[in-house]
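# Structure assessment
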Amino acid sequence: MTSLSLQNYNTIPRTSGLLLSPDGKRLILTIQTLSPDSARFVSSLWEMPADGSTPARRLTYSAQGESNPAFLPDGSLIFSSARPDTTSKEDEAEGKVWLLPAGAGEAVPVLTVPGGVGGVETAPESQVVVVRGQLFEDAADLAADAAKAKRRKEAPTSAVLFKYPKIRHWDHDLGPRQSRLLRLALPAGESGPEDLVAKPEMALHEADYSVSPDGSRVITTWFRSRGRGYYDQDLVLLGDGAPRTIAEGGVYDSPCFSPDGTRVVVVRGGHGSPEGPADVTLWLIELAGATGIDLTPNFDLWPAQPVWAADGSGIFFEADEGGDRPVFHISADGGEVRRLTQRDHFTSLCPAPDGRSVFALRDSYSSPPEVVRIGVDGSVTALPSPGLPLELPGAVSEVTATAANGATIRGWLVTPKDASAEKPAPLVLWIHGGPLGSWNGWSWRWCPHLLAEAGYAVLLPDPALSTGYGLDFIRRGWGKWGPVVFSELMAITDAALQRPDLDASRTAAMGGSFGGYMANWVAGHTDRFP
């Protein structure tokens with residue numbers, strides 16, 4: 001068993017994605033490992049039998065890394081990588097799509113996108129691949145895009161003209177290229193891929209999309225300007241004529257075609273207003289009439305990442321709940337939501353074709369992500385995962401407190417294993433970002449165990465505005481970002497410091513994003529954190 005410490009933290013393999021083969025017999029893991037020069041992380045694809053009978057083995061080894069795996073119906077594996085094409089003398093493209101045959105052999109490039117690949121999806125019943133690639137706005141095709149890139153590289157200036165209000169997203173500029181969806185039927189012909197929308201402007205930025213079983217249509221999210229820098233995220237159908245809006249006037253996310261191609265399940269949210277937050281629900285849309293129904297009208301949690309059961313009878317999804325992220329199931333006809341798992345944080349749901357189980361990644365503050373098989377009866381079986389198990393320097397427990405209105409505030413507490421009444425540990429209050437979020441799963445970026453190794457206890461609370469406790473829990477702090485959240489952070493800090501193994505005279509507070517905002521608020525409203 002490997003012991004987690006600051007010394008070996010970056011050398012531990014990090015599983016970040018999971019994919020199940022069409023026959024249900026193979027699992028593909030996306031795993032990040034440290035590059036040979038220890039300067040960056042590189043993602044690669046690993047394979048493991050779905051029965052867990054042997055450990056995962058690494059499939060890809062390039063220095064550039066591989067990502068976005070997707071299966072074709074024949075079991076061939078599609079993925080994206082900037083690895084060089086050894087058959088080409090001049091290959092400087094940032095993005096390519098590769099095909100690894102199902103039987104054996106080397107991966108071969110099937111599409112080159114000079115501007116890079118942002119997503120890859122395949123059709124469940126045909127040899128069709130749909131790629132989200134970056135192209136210049138005026139480029140008619142990939143060849144024209146490559147030619148313009150060459151001219152820009154040789155020009156004396158690298159200036160970018162931004163024509164739309166949305167010029168940056170998180171940590172990167174949105175230009176000079178824009179996202180497009182390119183449909184490619186394999187084996188690829190001389191005509192190349194079909195550009196599903198020639199000039200989408202900003203509409204397909206960070207598009208989340210799904211391909212119909214026969215590959216003829218694509219359902220995608222679609223940014224639409226409301227003016228003054230505000231956008232809706234509509235739902236649009238592509239591939240059978242002009243783009244057709246299926247749903248609008250909100251924020252749609254994670255669309256997924258049904259196995260028969262007639263329906264789409266999608267997460268539907270909104271922007272909220274100064275008066276209160278918008279709810280998030282699961283919608284089922286019949287494509288023939290573009291009519292939708294709310295599948296979860298009485299479900300007081302926020303569904304995420306829905307996927308269909310193999311026979312189309314129901315839908316599996318995730319949702320934050322009380323410091324965890326369980327797996328839920330609902331019939332495609334609606335009705336009662338059924339919780340499959342009780343504790344921990346689950347992602348990357350992959351329903352098995354036999355209908356008896358769902359594969360997923362499970363993590364918690366006691367373990368990084370590991371591969372598990374979830375039975376429809378709720379049983380959870382861990383499968384061998386690279387880098388696990390880990391021996392952690394901190395012990396994990398829960399803390400609760402009572403808010404001013406009587407609501408329960410909960411949080412995780414990570415303490416050094418040697419903390420005791422005789423040797424109490426100093427406490428760090430770590431405030432999460434968002435603020436619409438939850439401390440409910442492992443994070444390589446925000447890892448409390450590194451502080452526990454250094455002798456600190458870490459409190460990870462979910463105050464008002466946190467997800468997983470219902471809409472009223474969020475509404476309680478809406479528009480009162482500082483004072484309400486502050487009072488609840490202090491309440492749960494007081495509760496934690498009742499423990500004899502914590503030192504109330506040595507405390508600190510910190511956070512990032514909204515947590516950073518609140519850390520400044522805390523510093524300005526109390527002197528308890530010297």
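Quick caveat: nothing in here was measured; it's all calculated off a predicted structure. (Residues numbered from 1 in each chain as written. Predicted model: local features only at pLDDT ≥ 70, side-chain atom pairs only at ≥ 80, totals over all residues. Heavy atoms only, no water.)

## Details of the pattern of salt bridges
So the rule is basically this: Should a side-chain nitrogen of Lys or Arg be within 4 Å of a carboxyl oxygen of Asp or Glu, the pair is scored as a salt bridge. For every residue, the accessible area (1.4 Å probe, protein chains only) is compared with the maximum for its type, and the residue is labelled buried under 20%, exposed over 50%, or partly exposed between those bounds.
Applying the stated criterion across every chain yields a total of 28 salt bridges. Its salt-bridge partner being Arg 226, residue Asp 232 comes within 3.2 Å of it at the nearest N-O pair. Judged by relative accessible area, which is 43%, Arg 226 ranks as partly exposed. With its nearest N and O atoms 2.6 Å apart, the salt bridge here joins Arg 362 to Glu 370. Classification of Arg 362 by relative accessible area gives buried; the value is 18%. Via salt bridges that share partners, Arg 224, Arg 226, Asp 232, Asp 234 and Glu 248 belong to a single interconnected network.

## Description of the packing of aromatic side chains
For any pair of aromatic rings, the description consists of the separation of the ring centres together with the inter-plane angle of the planes. Just so we agree on the cut-off: Aromatic pairing here means that ring centres of Phe, Tyr or Trp (its six-membered ring) are within 6.5 Å. Orientation follows from the plane angle: under 30 degrees is stacked, over 60 is edge-to-face, and everything else is tilted. Any Lys NZ or Arg CZ found within 6 Å of a ring centre and within 35 degrees of that ring's normal is scored as a charge over the ring.
All told, the structure shown has 13 aromatic pairs when counted by the stated rule. Here the aromatic cluster, defined as three or more aromatic residues joined through ring pairs, consists of Tyr 9, Trp 442 and Trp 444. When the ring centre of Trp 412 is taken as reference, the NZ or CZ atom of Arg 410 above it lies at 4.6 Å. Sitting above the plane of the Phe 473 ring, Arg 476 keeps its charged end 4.4 Å from the centroid.

## So, the environment of Ile 431
Definition in use: Runs of H or I in DSSP of at least four residues are treated as helices and runs of E of at least two as strands, each being numbered from the N terminus. We call two residues in contact when some of their heavy atoms are within 4.5 Å.
Relative to the helices and strands, Ile 431 resides in strand β35 (residues 425-431). You can call Ile 431 buried: its relative accessible area is 3%. Along the backbone, Ile 431 and His 345 are 86 residues apart, and their C-alpha atoms lie at a distance of 19 Å. With residues near it in sequence (within four places) discarded, Ile 431 still touches Trp 439, Leu 489, Met 510, Gly 511, Gly 512, Gly 515, Met 518, Ala 519 and Val 522.

## Focus on the side chain of Ser 81
For the record, the criterion: Pairing of N or O atoms within 3.5 Å defines a polar contact, subject to two protein rules: one partner must be a possible hydrogen donor and the other a possible acceptor, and residues neighboring in sequence count only if both atoms are side-chain atoms.
With respect to the helices and strands, Ser 81 occurs in strand β7 (residues 77-81). Within polar-contact distance, the side chain of Ser 81 engages the backbone oxygen of Gly 65 at 2.7 Å. Beyond its immediate sequence surroundings of up to four residues, Ser 81 is in contact with Ser 62, Gln 64, Gly 65, Glu 66, Gly 95, Lys 96 and Trp 98.

## Description of helix α4 (residues 483-496)
The cut-off we apply is this: Given a helix with a known number of residues, its expected span is that number minus one, times 1.5 Å.
Compared with an ideal rise of 1.5 Å per residue, which puts 14 residues at 20 Å, α4 spans 20 Å between its outermost C-alpha atoms and is within 8% of the ideal. Residues of α4 that are buried: Val 484, Val 485, Phe 486, Glu 488, Leu 489, Met 490, Ile 492, Thr 493 and Ala 496. Residues of α4 that are buried in the fold lie against β33 (394-402), β34 (408-416), β35, β36 (457-462), β37 (502-511) and α5 (514-525).

## Quick look at the sheet that holds strand β24 (residues 303-308)
Strands belonging to one sheet form pairs held by backbone hydrogen bonds; the direction of such a pair is parallel or antiparallel. For clarity, the cut-off: The criterion for strand pairing is that DSSP finds at least two bridges linking the strands in question.
Ordered in space as β24-β25-β26-β27, the 4 strands form an open sheet in which the pairing is antiparallel. Here the strands that pair on one side only, and so sit at the sheet edges, are β24 and β27 (338-339). Relative to strand β26 (residues 327-331), strand β25 (residues 314-319) runs antiparallel, the two sharing 5 bridges. Within the sheet, the bridge partner assigned to Glu 318 lies in β26 and is Val 327.

## Quick notes on helix α1 (residues 142-154)
Here α1 spans 18 Å end to end across 13 residues, near enough to the 18 Å set by a 1.5 Å rise per residue. Measuring from the backbone nitrogen of Ala 143 back to the side-chain oxygen at the start of α1 gives 3.2 Å, which picks out Asp 141 as the cap.

## Some points on the sheet that holds strand β5 (residues 57-58)
Overall, antiparallel pairing links the 4 strands, which are arranged β2-β3-β4-β5 in an open sheet. In this open sheet, the two edge strands, each paired with only one partner strand, are β2 (14-20) and β5. One ladder, built from 9 bridges, connects strand β3 (residues 26-34) with strand β4 (residues 41-49); its direction is antiparallel. Looking at β4, one finds that Gln 32 is bridged to Ser 43.

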